[in-house]
Amino acid sequence: MVIRGLWVCKIRLVKHFGLAQILCLFVFACLVAVLFIDYIELWITSLRMNGVGASYGGILPQSVPPTRPEEYLLMPSQLVCQRAKPYLITLVTSAPTNKKARQAIRNTWGGEVQVQGFRVMTLFMVGQVLDPALTKQLSDEAREHGDLVQGRFLDTYANLTLKTLSMLAWARRFCPEAHFLAKVDDDVMFNPSALLQYISRNLKAPEGEPKELYLGRVHFNVLPDHNPASKHFVSKDAFSDAVFPDYCSGTAYVLSRPAVLKLSLAAAAIRLPKPLPPEDVFVGLCAHIAGISPIHCPLFSGGPPVTYARCCYQAMVSVHHTKPENMLQYWADMHSNALCSWVEVRTSLGICKFRALLGHLLLPEL
Ligand SMILES: *[C@@H]1O[C@H](CO)[C@@H](O)[C@H](O)[C@H]1NC(C)=O
């Protein structure tokens, strides 16, 4: 019945406008959709997020134990933030061996100190290593650049959640003046300028304290992996619900100052399971307990690679899986010409996001 109705309707439309016009209209609609692909993504995501409120029964503690300087083996001067007064501090979680990646970041986006009229600062978070030669190399690097923070835990993949806890503790104690904290992996092409622009356009709090912000690429309806052999294993005792609360992908996310504090309070309220949950899932759980909902931003890339295009990269906040040599090359190219116009950004962003989406459909495991 419905199909027949549609068929009749279609025939009438075709009679009325002709097939060519309808095709034209369709192509036009597709073009508009590509130009505003990020808005469409935002809308679809908002429909799919489960948006459940906090279900934690307990009361959050009033305070967390103060962070002691002894918890860090290496760090810049304790006054580093008092002196630099960053509005945004970016803490890059880096594997100790990835010296090349750190250098590429210093030579590109990490070297910026002033963007969009705001002061910014980038430091690297590492853990301890067993190899004495690498330990020495790290302390040399810290002396040379003054931008390493080394926590007291073994730097392994399974310990990444400890790295994040160490990062939150460091920021609370030594960088309380920063309004925003970005956590970024060392293989991410980050764009502080695009981030600050996005925040001031879309998320500006009315005068006064910024509100609790937990921004990134939101993963929703993720099922816990109860297979003990898996890299992302979570025991049933540690987490028994069917799905994780929505959380921001760990490759890059942003927290406002009040969110850093509330997440820390929530983290103090839960007992750390063994093995530790994945870092981003853990932060999502803490946010859930603290009653903070993640906010999705389409300018944070997901798993599939985003092919380089100058205007697209000028607009994106984070692009994952960027090799150090590409980072240098892209950064130079991004700044080789005048800023892209609105139309150029819309077109380029539409095309590169569409290609990444195609990649995601073809290779969903990324
Ligand atoms: C995590 O770090 C702690 C403290 O350094 C260490 O004892 C433990 O072996 C590490 N865990 C893993 C799985 O690497």
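Everything numeric in this text was worked out from a predicted model, so none of it was measured.

**Student:** Which residues make up the pairing of strand S5 (residues 148-154), and what are the values?
**Tutor:** Burial analysis of S5 places five of its seven residues in the buried class, which makes it a mostly covered element. As defined by bridge partners, strand S1 (residues 72-74) adjoins S5 across two bridges and the pair is classed as antiparallel. Across the sheet, tyrosine 72 pairs through a bridge with glycine 151, a residue of S5. One ladder, built from four bridges, connects strand S4 (residues 118-128) with S5; its direction is parallel. If you follow glutamine 128 over to S5, its bridge partner there is leucine 154.

**Student:** I'd like a rundown of the state of the cysteines, residues and numbers included.
**Tutor:** Counted under the stated rule, the structure contains three disulfides. Put simply, cysteine 81 and cysteine 175 are joined by a disulfide, and their sulfur atoms are 2.0 Å apart. On the sign convention where negative is left-handed, the bridge of cysteine 81 and cysteine 175, at about -85° about the S-S bond, is left-handed. Taken together, the residues cysteine 81 in helix H4 (residues 80-84) and cysteine 175 in the loop between helix H7 (160-174) and strand S6 (180-185) connect sequence positions 94 residues apart. A relative accessible area of 0% means that cysteine 81 is categorised as buried. Of the residues examined, cysteine 175 reaches a relative accessible area of 4% and is grouped as buried. A sulfur-sulfur separation of 2.1 Å characterises the disulfide bridge that pairs cysteine 311 with cysteine 340. Every disulfide takes its handedness from the sign of the S-S torsion; for cysteine 311 and cysteine 340 that torsion is -80°, giving left-handed. Taken together, the residues cysteine 311 in helix H11 (residues 310-315) and cysteine 340 in the loop between helix H12 (324-334) and helix H13 (342-362) connect sequence positions 29 residues apart.

**Student:** Please set out the packing of aromatic side chains residue by residue, giving values where relevant.
**Tutor:** Counted according to the given criterion, the structure contains twelve aromatic pairs. Between tyrosine 308 and tyrosine 330 the ring centres are 4.3 Å apart and the planes differ by 10°, which places this aromatic pair in the stacked class. Residue tyrosine 308 is located in the loop between strand S10 (295-296) and H11, and its partner tyrosine 330 is located in helix H12; the two are separated by 22 residues in the primary sequence. Judged by relative accessible area, which is 16%, tyrosine 330 ranks as buried. Three or more aromatic residues link up through ring pairs in this structure, and these residues are Phe36, Tyr39 and Trp342.

**Student:** Which residues make up the site of the ligand, and what are the values?
**Tutor:** Taken together, Phe153, Leu154, Thr156, Ala158, Asn159 and Leu162 are the residues near the ligand. Between the ligand and leucine 154 there is a distance of 2.9 Å, counted from an oxygen atom to a backbone nitrogen or oxygen. In this structure, threonine 156 approaches the ligand through a side-chain N or O atom, which is 2.7 Å from an oxygen atom. Taking 360 Å² as the accessible area of the ligand by itself, protein coverage stands at 48%. Along the lines of polarity and charge, the residues of the shell around the ligand split into four nonpolar, two polar and no charged.

**Student:** Mind laying out unusual backbone geometry, listing which residues take part and the relevant values?
**Tutor:** In this chain, lysine 274 is followed by proline 275 through a cis amide linkage whose omega measures -5°. Take proline 275: it is sitting in the loop between helix H9 (257-269) and helix H10 (279-290). With a phi angle near 45°, lysine 85 is a residue other than glycine that sits in the positive phi range. Within the secondary structure layout, lysine 85 lies in the loop between H4 and strand S2 (88-93). In this structure, histidine 321 is a non-glycine residue whose phi angle is positive, near 60°. Checked against the element boundaries, histidine 321 lands in the loop between strand S11 (318-319) and H12.

**Student:** Account for the packing of H9 against H10, with residues named and values stated.
**Tutor:** Across the interface, H9 lies against H10 with an axial gap of 8 Å and an inter-helix angle of 100°. When the axes of H9 and H10 are compared, the pair comes out roughly perpendicular. Residues Lys262, Leu263, Ala266 and Ala267 of H9 lie in contact with H10, whose contacting residues are Phe282, Val283, Cys286, Ala287, Ile289 and Ala290. Looking at the contact of H9 with H10 residue by residue, the classes come out as nine nonpolar, no polar and one charged.

**Student:** How would you sum up the pattern of salt bridges? Please name residues and give values.
**Tutor:** All told, the structure shown has 15 salt bridges when counted by the stated rule. Between arginine 68 and glutamate 71 there is a salt bridge; the shortest N-O distance is 3.8 Å. A relative accessible area of 46% places arginine 68 in the partly exposed class. In this structure, aspartate 155 and lysine 163 form a salt bridge, with 2.9 Å as the shortest nitrogen-oxygen distance. One network of salt bridges, in which partners are shared, links Arg102, Arg106, Glu141 and Asp147.

**Student:** Lay out helix H5 (residues 99-107) in plain terms, naming residues and giving numbers.
**Tutor:** Along H5, the residues that are buried comprise Ala101, Arg102, Ala104, Ile105 and Arg106. Those residues of H5 that are buried are in contact with S2, S4, helix H6 (132-145), S5 and H12.

**Student:** Describe the packing of H5 against H12, listing the residues and the values that go with them.
**Tutor:** Their axes nearest at 8 Å, the elements H5 and H12 cross at an angle of 10°. If you check the angle between H5 and H12, you find them roughly parallel. For the pair formed by H5 and H12, the contact residues are Lys100, Ala101, Ala104, Ile105 and Asn107 on the first element and Pro324, Glu325, Met327, Leu328 and Trp331 on the second. Its residues assigned to classes, the contact of H5 with H12 comprises seven nonpolar, one polar and two charged.

Analysis parameters
- Residues numbered from 1 in each chain as written.
- Predicted model: local features only at pLDDT ≥ 70, side-chain atom pairs only at ≥ 80, totals over all residues.
- Heavy atoms only, no water.
- Buried < 20%, exposed > 50% of the residue type's maximum accessible area, 1.4 Å probe, protein only.
- Helix = DSSP H or I, 4+ residues; strand = E, 2+ residues; numbered from the N terminus.
- Pairing = 2+ DSSP bridges.
- Disulfide = S-S within 2.5 Å.
- Phe/Tyr/Trp six-rings, centres within 6.5 Å; stacked < 30°, edge-to-face > 60°.
- Near = heavy atom within 4 Å.
- Polar contact = N/O pair within 3.5 Å; in protein donor to acceptor, adjacent residues only side chain to side chain.
- Areas by Shrake-Rupley, 256 points an atom, 1.4 Å probe, with all protein chains shown as cover.
- Nonpolar A, V, L, I, M, F, W, Y, C, P; charged D, E, K, R; others polar.
- Axes fitted to C-alpha atoms, helices over the stretch in contact; angles between N-to-C directions.
- Parallel < 35°, antiparallel > 145°, perpendicular 65-115°, else oblique.
- Contact = heavy atoms within 4.5 Å.
- Salt bridge = Lys/Arg side-chain N within 4 Å of Asp/Glu carboxyl O.

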